[in-house]
2 protein chains.
Amino acid sequence: MKAKIPVRTIERLTILCTILEKLDKDGVGHISSSELGIITGVQPNTIRKDINYIGQPGAEVGYNVKTLKDTIESGLGLKTHRKTCIVGLGELGATIINLPGFLGSNIKIEAAFDSSINRLETFDTNIPLFPAYRIEEIVRDMQIELGVLTVPPSAAQNVAEKLIHGGIKGILNFTPVVINVDDSKIAVRNIHMLEEFKILSALISFEE
Amino acid sequence: MKAKIPVRTIERLTILCTILEKLDKDGVGHISSSELGIITGVQPNTIRKDINYIGQPGAEVGYNVKTLKDTIESGLGLKTHRKTCIVGLGELGATIINLPGFLGSNIKIEAAFDSSINRLETFDTNIPLFPAYRIEEIVRDMQIELGVLTVPPSAAQNVAEKLIHGGIKGILNFTPVVINVDDSKIAVRNIHMLEEFKILSALISFEE
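Now for a look at the structure at hand. (Residues numbered from 1 in each chain as written. Chains lettered and ligands numbered in written order. Predicted model: local features only at pLDDT ≥ 70, side-chain atom pairs only at ≥ 80, totals over all residues. Heavy atoms only, no water.)

### Some remarks on the overall build of chain A
A count of helical and extended segments in chain A gives 9 helices and 8 strands. The principal-axis extent of the C-alpha atoms belonging to chain A is close to 60 × 45 × 35 Å. The buried share among the 208 residues of chain A stands at 50%. For chain A, the proportion of contacts with a sequence separation of at least 24, taken over those separated by at least 6, is 57%. Of the charged side chains in chain A, 22 are positive and 25 negative, and the gap between their average positions amounts to 5 Å. (Helix = DSSP H or I, 4+ residues; strand = E, 2+ residues; numbered from the N terminus. Buried < 20%, exposed > 50% of the residue type's maximum accessible area, 1.4 Å probe, protein only. Contact = heavy atoms within 4.5 Å. Lys, Arg positive; Asp, Glu negative; His and termini not counted. Charge placed at Lys NZ, Arg CZ, Asp CG, Glu CD.)

### Looking at the relation of the copies chain B and chain A
By a simple turn and slide, chain B fits onto chain A: the slide is 0.0 Å along the axis, the RMSD is 0.0 Å, and the turn is 180°. Here the copies are linked by what is in effect a two-fold axis. Both copies contact each other with a shared surface, as 98% of the interface residues of chain B are interface residues in chain A too. (Least-squares fit on C-alpha atoms with pLDDT ≥ 70 in both.)

### Quick look at helix α7 (residues 135–142) of chain A
All names here are of chain A. By the burial criterion, the buried members of α7 are I135, I138 and V139. Projection of α7 onto a plane perpendicular to its axis shows the buried side chains occupying an angular sector of 100°, all on one side. Of the residues flanking the end of α7, it is Q143, one or two places downstream, whose phi is positive at about 55°. (Arc of directions from axis to C-beta.)

### Topic: the interface of chain B and chain A
It is common to give the size of an interface as the accessible area that goes away when the parts come together. Contacts between the two partners involve 64 residues from chain B, matched on the other side by 64 residues from chain A. For the pair chain B and chain A, the summed buried area comes to about 6100 Å², and 69% of that belongs to carbon and sulfur atoms. A per-residue breakdown of the area chain B buries against chain A is headed by B:F197, B:L200 and B:F206, which together make up 13% of the total. The interface formed by chain B and chain A includes 2 salt bridges. The shortest N-O distance in the salt bridge between B:R189 and A:E196 comes to 2.7 Å. Among the elements that make up the side of chain B that touches chain A, the one with the highest residue count is helix α9 (residues 193–205) of chain B (13 residues). For the side of chain B that touches chain A, the class distribution of residues is 35 nonpolar, 14 polar and 15 charged. (Buried area = accessible area lost by both parts, 1.4 Å probe. Salt bridge = Lys/Arg side-chain N within 4 Å of Asp/Glu carboxyl O. Nonpolar A, V, L, I, M, F, W, Y, C, P; charged D, E, K, R; others polar.)

### As for unusual backbone geometry
Leaving glycine aside, a negative phi is the common case for residues, and trans is the common case for peptide bonds. All names here are of chain A. At Q143, a position not held by glycine, the phi torsion is positive, near 55°. Position of Q143 among the secondary structure elements: in the loop between α7 and β6 (146–149). On the accessibility criterion, Q143 (60% relative accessible area) is exposed.

### Remarks on helix α8 (residues 156–166) of chain A
Residue and element names in this part refer to chain A. Of the positions making up α8, those classed as buried are A156, V159, A160, L163 and G166. All buried residues of α8 fall inside an arc of 120° around its axis, so they share one side. Those residues of α8 hidden inside the fold are in contact with β3 (82–87), α7, β6 and β7 (170–173). In the stretch just after α8, G167 is the one whose phi turns positive, near 105°.

### Points about the nonpolar core
Counting 94 residues, the largest nonpolar core has A:I96 and B:I96 as its most contacted members. With residues up to four places along the chain from it excluded, the contact list for B:I96 reads A:M193, A:F197, B:I86, B:F102, B:I109, B:V148, B:T150 and B:F174. (Core = buried A, V, L, I, M, F, W, Y, C linked by side-chain atoms within 4.5 Å.)

### Remarks on the pattern of salt bridges
Taken as a whole and assessed by the stated rule, the structure comprises 30 salt bridges over all chains. Overlapping salt bridges bring together A:K66, A:K69, A:D70, A:E73 and A:K79 as one network.

### Remarks on the environment of B:P152
Note on placement: B:P152 falls in the loop between β6 (146–149) and α8 (156–165). Separated by 106 residues in the primary sequence, B:P152 and B:T46 have C-alpha atoms spaced 38 Å apart.

### Remarks on the environment of A:K25
All names here are of chain A. Along the polypeptide, K25 turns up in helix α1 (residues 7–25). By relative accessible area, which is 70% here, K25 ends up exposed. For K25 and K66, which are 41 residues apart along the polypeptide, the C-alpha to C-alpha distance reads 9.4 Å.

Have a look at this one:
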């Protein structure tokens with residue numbers, strides 16, 4: 001196990017890594033924390049502190065883009081391939097399975113589940129599909145590490161528990177439900193898309 | 001303009017409000033900050049501080065669920081109807097336009113745009129569709145306040161600027177691009193779905 005890093009730092013470093021990847025592709029060789037601050041919207045001082053967590057010393061004269069990207073990737077374990085499954089092939093699940101960004105990434109969707117046999121028979125994909133009652137067995141046999149919840153809210157907790165019994169390590173929860181899991185063993189990220197609309201609505205009400 | 005509240009507080013209060021709405025529907029009349037802490041995963045002390053921002057005094061003996069929900073809704077401006085548009089009718093845009101959660105909410109999708117005339121002609125929806133070159137005009141004429149970016153990354157900045165010229169107040173950015181806007185005037189929320197997978201991957205690497 002690696003030394004703990006604050007979740008907010010992991011979030012910022014992950015996004016920073018994606019930005020560095022793009023800068024590297026664009027041919028940028030060297031960058032300062034001030035320049036990174038402008039691109040990311042994060043205070044340069046925070047950027048330097050975040051980077052210090054994964055060992056690269058804060059550089060007065062800036063960073064080598066490619067070296068920094070590699071350091072973050074290694075430090076966060078982003079070079080590790082992660083087998084992933086999706087539970088729930090409604091519109092959102094179907095969209096995620098087809099996201100082009102997975103191509104060439106270390107996140108590999110290896111299986112998908114739905115409770116509707118009809119949906120499984122008619123859904124067009126190269127990814128192996130299974131009925132929901134096989135979640136625990138398939139996750140264990142295929143050693144899947146990440147699970148995506150795109151099921152109806154009423155099914156969320158039950159499906160999360162099946163994934164966990166199968167040995168899942170992390171859950172990306174798209175349902176509006178707070179799922180109860182043992183935080184010390186299972187990482188959960190919530191993406192509440194409708195909540196984001198409300199948060200945006202609240203933010204602009206403070207500008208009016 | 002209302003007094004400023006930290007963004008993290010707005011985030012937590014918005015999600016708390018959704019939870020209170022559900023508790024109220026389930027017939028729960030009264031709740032303590034400790035109980036809310038268990039449901040939300042937020043420290044009770046933080047919950048009390050967040051609630052104090054919108055005026056309800058921290059209660060030793062807990063909160064009336066319905067009153068607290070109403071107080072947060074009013075305090076955050078969540079009772080205000082917000083006209084919303086979606087730019088980009090690819091898979092993700094098409095999924096969002098159909099999200100059932102908008103029904104009965106104060107977020108109303110009133111228009112959608114795409115640069116492909118063919119896409120506009122074949123897309124099946126009751127929501128008015130327009131070609132992308134009309135964004136600025138339509139946003140202004142319809143007084144649309146929120147815009148959803150589900151365009152290809154290369155189009156994100158350009159589309160954001162058109163929305164802003166039309167008078168948009170808030171942008172929900174689903175592209176992996178950091179869009180440059182005047183933060184003092186435009187609220188931006190970023191949902192980087194692929195980044196969330198990476199963050200989850202990083203989080204579990206610290207458990208290994």
